[in-house]
Structures are given as structure tokens and as C-alpha cells.
Amino acid sequence: MADPSSYRPRPGQIPDSPGVYRFRDEHRRVIYVGKAKSLRQRLANYFQDLSGLHPRTRQMVTTAASVEWTVVSTEVEALQLEYSWIKEYDPRFNVKYRDDKSYPYLAVTMQEEFPRVQVMRGHKKKGVRYFGPYAHAWAIRDTVDLMLRVFPVRTCSAGVFKNASRTGRPCLLGYIGKCSAPCVGRISPDDHWELADEFCDFMTGRTGTYLRRLEKQMTEAAEDMEYERAARLRDDIGALRKAMEKNAVVLADATDADLIAVAEDELEAAVQIFHVRGGRVRGQRGWVTDKVEEITTGALVEHALQQLYGEETGDAVPKEVLVPALPEPLEPVQEWLAGRRGSQVSLRIPQRGDKRALMETVERNAQQSLILHKTKRASDLTTRSRALEEIAEALDLDSAPLRIECYDISHLQGDDVVASMVVFEDGLARKSEYRRFQIKGFEGQDDVRSMHEVITRRFRRYLAEKERTGEWTDPAADPTADPNAAPSAAAPATEPPATSATTTPATASAATTPGGTGTPGTPGGTGTHSGTDANGAPDGVPLVDSLKDDDGRPRRFAYPPQLVVVDGGQPQVAAAQRALDELGIDDIAVCGLAKRLEEVWLPREDDPVVLPRTSEGLYLLQRVRDEAHRFAITYQRTKRAKRFRAGPLDDVPGLGETRKQALIKHFGSVKKLRAATIDQICEVPGIGRKTAETIVAALAQAAPPAPAVNTATGEIMEEEEPATAAGSAGEPVAAGPRQERRGQET
């Protein structure tokens, strides 16, 4: 536990200006981000007597090892920068609204020639009109199914649309009248676009026009004794009314507003949002957060506004936002919302009338959401805590292993040997820190040697990060380092230029000169990190390539686990422990989980630890091991499939996928291409004479494929080489044992 006085800034060093501040832990990871109208007054509150601080604030300042700040000109800029940093760094002590799902939207792709109505999740795309969010995707499909009677807009995917256009036959919806069938030309692109636009108008709340028009058409059809058409129009009106009933009128004056309610206790808070458009509730969503800091209801509302509108612009930000408490101060938040919308936004507390009644409904939903979350979390949190305690007790650890890393080796008969690293924190998978490795130190099948190489590479990177931050001094001087171990470093990653804001850290171990952002000990400027070791060779392949490290973002391999788990028995455990010993690391526990009897093996122990089959600790270890196995075998199969798809054209330098496909399309197969002359190859668009000569030389050097054999009759088949999807050719399979045997994958 750090003493806050060890990194407290000197008197007068903190400016009395608006800004944003960051607390970092001993690993330089940002653990808290905050903003202040006066940085001097706000930061002084954190360095008072610990007994006077809120328990969660006290935990934060004792976990931190440094604090730094960035000065901005206005409070609105501070609000924007705070949101950006919280989103970028994901600090553990900040309020983070959690949700176990991505809310679905009803989307209309108006940017396409033939707009499509569909369910969409995730980031919003340009040119697409969104309605929602909805609590469930089935609610969207029910609404769309009712409205397609009146607005038969296309709903099929691009593949189905192209297939119908090619065959000249529409899909089932086209036959039953729920699609206007633009794929077969029953409607022009302009008419179909207008139909989709009318669909959007109806969804925005302009329903009266269409209902009156349909009622008039129904009356005229009945007067003309077209009773079948009148009955169909009657059913269409009923479908539209039924769709409207799903969104009952809650505000009579066709108000566009978002209502935010908060239910909280000492530890957690739940937020519920109702989206009202055209006086009807068009969407609902909710979040739950741990109150890891001392925070008021107004501050919770401010964080919810940042989460809700941080990436929205225009009409996605309504004219009116109703909240249970106002943020303090109010003016910067209102100015920020107005900037997102492009016009004034009213942020207020409803006092009476329909809006107050609706707010009470949203508050009841928030209360129910908090109760439901606590009911679910109680058992889950208790189970995970018990599992970690059982593991610590069984392995004789000093404390519960809050971070567990598990490693597994996968290959197919010694080919395409790869390894995986999965990370569990607090008993939950942290997929952003998963890593995968290619074994390049040797060829062949040797799980023990592969495990030694992977552990060496991973923790050599860890020591390199410690050396870079000054926590460890001489990694190259270790006389026990394995000279045969594979080099380990990620591909170089250069950080983007720093912002113009001034960042001034005050650190106990290393100080940074005011005036810029940089690596500790480097005055000003932009920090540039090259993720290579002394050998400069690539290490594990990260899942998230954009991870940086100099500004508190999660660094590759920078954080040590309390427990390393290997998929295997005593030999694999011994190899992992030997790798750690050679690197001089003695504060990380190692164990292995053998598949056959689910025994837990420890280094230098002749007998395994046997956990009860009903043990929560054993169940957690199994989950970690199985996740590592899944991640490794998925990567191995990907590499194997890529190798099987490779063809002779892949070895031609400077020949990309587009020109490969052009060659195969022109000649039909690699066999015909191999027989072609240079002049014939030059006839292909985009292929010059020099490239054609290179292609001829490469194909001449490539070994001809083995003849394909009919295993039933034994005869040699003289078929041409088929073109692969990548634009090269797949070789015929020679007689012999089948290579792909899933049972031999490890």
C-alpha cells in the first residue's frame, strides 16, 4: 500500500485552472480520471488525512503511485477530455456503467440503392436511420412484421437479394405481399426508396397521415364494391394500429425527450433510460455500476449523459433531457449537450404533470433493475470469491490469485505449432488481454519445450517493461537466460502525436517536466514506444493491435499474474517453472491441470493436489484451462486453413489478391497459366511484362502438383487444377493417409 505523501505534488506546483487529472498505479496504469474547475483545490482533497477520506477514495489514493494533470481552457473542454480518457483508459476506480448486452436498433439502410429494414447492434453507420433502442430483438421483428403489410420494404440480406436477381424469382415475402420485390424489378429504385422513407416517417411518429389515407382508400373501395381490396386495407389499418399500441402515448404534446432515473445504494447504482419520440416510448435501456468512488446522484447523472451521448450527434440528442438530479456545475454539461446536438438542450428535473408521472415509472424500473442485478450478482460474486479462496488455500498462496494466466500448446502432428495465453481477473475472462504465439524456436512436436519457450517470451517482455519503467534494472545480465529461447517482442507500435494540452505528472519514482507528454524521465515531447527486445523479433500476436503503453493504456505483457496455469501435467509445469527461474522471477506461482484425472500439479512436487469434484476452485481452473485450449486450437486451425489454401501464386512477389484473381479468371486454372507464354500473360489487365516474367519464373520453380488418385478405383485423375478462393490453385490430393484428423489435434 502506497503512502499518498510519497507522490504528493509540491506546494504551488498544481495550477489553479480547469483541467483533468489522472492517478496511476505502480505499473503506470491509469486507475482514476477526474475533472475539476480548480485542479489545485480538487487535488488537495485527495492528500488530506486518510481517516477523513471515503473508504473507496482512501483505497484509490493508497493504490496510486503518481498523479498528473492536463490544463484546459474551459470546463466544457474538461468534460470532453474526461469522457475521452475514461473511454480510452478504462480506469478501475471510475464509474463504469455495465451492461451484459448490446441493445438492438431497428435500422433502415437509406444509403443503399434499395434500402433494407433490419435489426442492427453496435456502432452506428453513416446513412442509416435508427429507431430504438429496443429491449429485445423479437420486439423489433414483431413490429416490422406488422408494418410490412403496409410498407413492403426489402428485408433480405445482400446474398439473398443477389441470388433472387440472378434467378429472377423473389423470396417468400415477395410472394405473400410483404416485400415489393425490387430484386426482380417489380418496383423501381426511386419508388422503393420513397416506400422506405414513408416507413421511416411512420416510425418517427407521423402516423395520422397514413391511417387517414388508408381509411379513405378503404371507404372508396367499399363504395366501388371492391370488397376484397377494402378488406385488405382494413387489415392493413389494424396491423398499423397494433404496431402503434406497442408504443403507447405517454406525452400528449408529441414531445421528444429522454428520461433518466437512478436507483442506488451505498455500493451500486442502476440507471434506466426511456427514449420518448413523438410522445411515445420508442426505446429503453439500462446500466448498472459499482460506486467505486464517493459520488453524488448528480455526478451519476453526468456520467450517464457522457455514456449516452458521448458518440451521438444531431437529432440523436433530444431537445429535452429529464433527470432526477442536476449535475454540478450545470452550465458546462448543458453547453456540451448543445454542442453535440447543434442547438439548445433543456436539462431539468420534472416537477409535475405527465412528465413527472413518467419519471416515476422510469424510477420504478431503475429500482427493479437494481434489485434484479443484486440478486444475480450475489451468487455470482460469492461463487467467484469462494473459488479464488479455495485455489489460494489448495496451492498455499499468500492471497487469492486475482489475475490468473493460462497457457496451452496446440498443433497437428507437429505442424503449425502455436500457443495461447488467456487472462482471468477476479474470476472473469479478460479477453482484451488474450495473446497467441507462434512457436519458432524449433520444429516438430515437443509440448514441454514449446511451453518453456512461451513462458520465457511472455515474462521476458514483462521484465523488459519493468526495466523501461525503472522497476528492474538489468535483464540482459541474467546468466541463467536460455540462449536457445525464442526472441520475444511485439511488433513496433508508434504512439500518435499527443494533444496540445499540457500534461504535468508528479511521480514518486520518476518525474516528467511540465510542458508535454512523454516517457518518465524524458522532458516534454511525445513518447514513442518500440515494442522490441534486444533481438527485435515478434512475440505473441495481440488481439487488439491498437493497445499503447506510455499513457496508461493496457500494455502488452506488462502486468504480472499471481498464478500461472499450464494445460498439462508435471513435465509442462516443470518447464514453466524452469523458465521463470532462468529469468529470476520468484514471486509468481505455477500449477498445471492435467486433463485425465483433473489433477493439479505443482513444481518440484512428486504428488498432485487433488481438489474435490464439487470444488468451485477446481471448476474455475477447468474454465480457465478450457478457454486456453479453445483459444489455442482456434488459432491453430486458422493457420492450418491458411496454409492449405496457399498456392504457387502466393510466392510471386508484388502480386496481390486482385491480380491473382484476374489471372485465374483469364486462364481458368494454374495449370493453364503455367503453360502460358509471357505474351499471353501480358494480355491480362494490370499485368506488365516484368510481372509476367516474374510469374513465369516463379511457376517454373514451383514443384508440379502430385497426381490426384481415385481411392476407390486406384486410377489417376487427369483433372485440371481448381482455382482457390484466394486466387491461387489448390493442389490435388495425392494418395496417402488423410492429414486432417481432429482427434490428433492438441
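So, a few notes on the structure that sits alongside this text.

Conventions we followed
- Residues numbered from 1 in each chain as written.
- Predicted model: local features only at pLDDT ≥ 70, side-chain atom pairs only at ≥ 80, totals over all residues.
- Heavy atoms only, no water.
- Helix = DSSP H or I, 4+ residues; strand = E, 2+ residues; numbered from the N terminus.
- Buried < 20%, exposed > 50% of the residue type's maximum accessible area, 1.4 Å probe, protein only.
- Contact = heavy atoms within 4.5 Å.
- Areas by Shrake-Rupley, 256 points an atom, 1.4 Å probe, with all protein chains shown as cover.
- Patch = residues over 30% accessible without salt bridge, like charges linked within 9 Å, V, L, I, M, F, W, Y side chains within 5 Å.
- Salt bridge = Lys/Arg side-chain N within 4 Å of Asp/Glu carboxyl O.
- Pairing = 2+ DSSP bridges.
- Axes fitted to C-alpha atoms, helices over the stretch in contact; angles between N-to-C directions.
- Core = buried A, V, L, I, M, F, W, Y, C linked by side-chain atoms within 4.5 Å.

1. So, the overall build of the protein chain
Of regular secondary structure, the protein chain possesses 19 helices and 22 strands. Residue burial in the protein chain is summarised as follows: out of 746 residues, 48% are buried. In the protein chain, of all internal contacts separated by at least 6 residues, the share reaching a separation of at least 24 is 66%. Of the roughly 36,700 Å² of accessible surface on the protein chain, a fraction of 50% belongs to carbon and sulfur atoms.

2. Regarding a nonpolar patch on the surface
Side chains of Leu-172, Tyr-175 and Ile-176 sit close together on the surface and give an oily, nonpolar patch of about 360 Å² of accessible area. For Tyr-175, a relative accessible area of 51% translates into the label exposed.

3. Some thoughts on the pattern of salt bridges
Taken as a whole, this structure holds 30 salt bridges when the rule is applied. With its nearest N and O atoms 2.9 Å apart, the salt bridge here joins Glu-453 to Arg-457. Taken together, the positions of Glu-453 and Arg-457, both in helix α13 (residues 447-468) and four residues apart, correspond to about one turn of that helix. Pair check on accessibility: Glu-453 and Arg-457 agree, each one buried. Among the salt bridges present, the one from Arg-578 reaches Glu-582, with a minimum N-O distance of 3.8 Å. Taken together, the residues Arg-578 and Glu-582, both in helix α14 (residues 570-582) and four residues apart, mark about one turn of the helix.

4. As for the sheet that holds strand β9 (residues 280-290)
What the five strands build is an open sheet, ordered β9-β8-β7-β10-β11; its pairing is mixed. Each edge of the sheet is formed by a strand with only one pairing partner; in this case those strands are β9 and β11 (346-348). With direction set aside, neighbouring strand axes in the sheet form an average angle of 15°. Inspection of the sheet shows strand β8 (residues 268-277) paired to β9 by 10 bridges, in the antiparallel sense. Its bridge partner lying in β9, Ala-270 is registered against Val-288. Taken strand by strand, helix α10 (residues 297-309) contacts β7 (257-264), β8, β9, β10 (320-322) and β11, and its axis lies near 135° from that of β7.

5. A word on the nonpolar core
Of all hydrophobic cores here, the largest spans 27 residues; its most connected members are Tyr-407, Ile-455, Phe-459, Val-564 and Ile-585. Counting residues per element, the ones that place at least two in this core are β12 (403-412), β13 (415-425), α13, β18 (563-567) and α14. Broken down by element, the residue count for this core peaks at six residues, all from α13. Formed by 25 residues, the second largest nonpolar core is a distinct cluster that contains Trp-287, Ala-304, Tyr-309 and Leu-337.

6. Examining the pairing of β13
Of all the 11 residues making up β13, nine are buried; the element is thus mostly covered by neighbouring parts of the structure. Note: β12 against β13, nine bridges, orientation antiparallel. Paired with Tyr-407 across the two strands is Met-421, which belongs to β13. Between the end of β12 and the start of β13, which pair antiparallel, lie two residues, with Gln-413 showing a positive phi angle near 55°. Here four bridges tie β13 to strand β15 (residues 435-438), and the two strands are oriented antiparallel to one another. Directly across from Met-421, in β15, lies its bridge partner Arg-435.

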